[in-house]
Amino acid sequence: MRIDKYLWSTRYFKTRNIGSVACKKGHVKINGQVVKPSREVYPMDKIIVRKNQINYELTVLDIPENRVGAKLVDIYRKDTTPKEAFEHNELLRYSKNYYRKKGTGRPTKKDRRDIDDYTDESE
């Protein structure tokens, strides 16, 4: 089975086209080598997929006939992604919140007027 079709059928990508584009961009590796979308996948291959700033590592256990349900995905692959990858993503999320609170960006009209009043008083 082609790698783009395998990633689609094991629900890593919503469409087969998105999986194929990820392969073309170099986000998919099989046994350490960047692959094209037409590369065949065999059982016991080690696949690394970069998606949402996380490198998912998985081992192919079996090849599905076509797209499988979410509950049956574990029959066809073994997820060996380290916990540190998810923790790193969580730290990025917290650092963004610390840097700038959500909703506190560009000042509103009221904020600008308050700032103008404050600067006029100090002069």
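Residues numbered from 1 in each chain as written. Predicted model: local features only at pLDDT ≥ 70, side-chain atom pairs only at ≥ 80, totals over all residues. Heavy atoms only, no water.

Describing the pattern of salt bridges
Then step 1. With the rule as written, the count across this model stands at four salt bridges.
Then step 2. For Asp74, the salt bridge identified is with Arg77, shortest N-O distance 3.2 Å.
Then step 3. Accessibility expressed as a relative area gives 51% for Asp74, which makes it exposed.
Then step 4. Given the relative accessible area of 15%, Arg77 is considered buried. (Salt bridge = Lys/Arg side-chain N within 4 Å of Asp/Glu carboxyl O. Buried < 20%, exposed > 50% of the residue type's maximum accessible area, 1.4 Å probe, protein only.)

Quick notes on the packing of aromatic side chains
Then step 1. Applying the stated criterion to the full structure yields two aromatic pairs.
Then step 2. Between Tyr12 and Tyr56, the aromatic rings sit 5.9 Å apart at their centres with planes inclined by 65°, giving edge-to-face as the arrangement. Of the two residues, Tyr12 is situated in the loop between helix 1 (3–9) and helix 2 (16–24) and Tyr56 in strand 4 (residues 54–60); the sequence distance between them amounts to 44 residues.
Then step 3. Classification of Tyr56 by relative accessible area gives buried; the value is 16%.
Then step 4. With a centroid separation of 6.0 Å and an interplanar angle of 65°, the aromatic rings of Tyr56 and Phe86 are classed as edge-to-face. One end of the pair, Tyr56, is in strand 4; the other, Phe86, is in helix 4 (residues 83–99), and 30 residues separate them in sequence. (Phe/Tyr/Trp six-rings, centres within 6.5 Å; stacked < 30°, edge-to-face > 60°. Helix = DSSP H or I, 4+ residues; strand = E, 2+ residues; numbered from the N terminus.)

Comments concerning the side chain of Thr59
Then step 1. Positionally, Thr59 belongs in strand 4.
Then step 2. For Thr59, a relative accessible area of 6% translates into the label buried.
Then step 3. In contact with Thr59, not counting residues within four places along its chain, are Met44, Asp45, Lys46, Tyr76, Arg77, Lys78 and Thr80. (Contact = heavy atoms within 4.5 Å.)

Here's the deal with the sheet that holds strand 3 (residues 46–51)
Then step 1. Sheet architecture is open: five strands sit in the order 2-1-3-4-5, paired in antiparallel fashion. At either end of the open sheet lies a strand with only one pairing partner, and these are strand 2 (33–34) and strand 5 (77–79). (Pairing = 2+ DSSP bridges.)

A look at the pairing of strand 3
Then step 1. Inspection of the sheet shows strand 1 (residues 28–30) paired to strand 3 by three bridges, in the antiparallel sense. Counted as the bridge partner of Ile30 is Ile47 from strand 3.
Then step 2. As paired elements, strand 3 and strand 4 share six bridges and run antiparallel to each other. Within the sheet, the bridge partner assigned to Lys46 lies in strand 4 and is Thr59.

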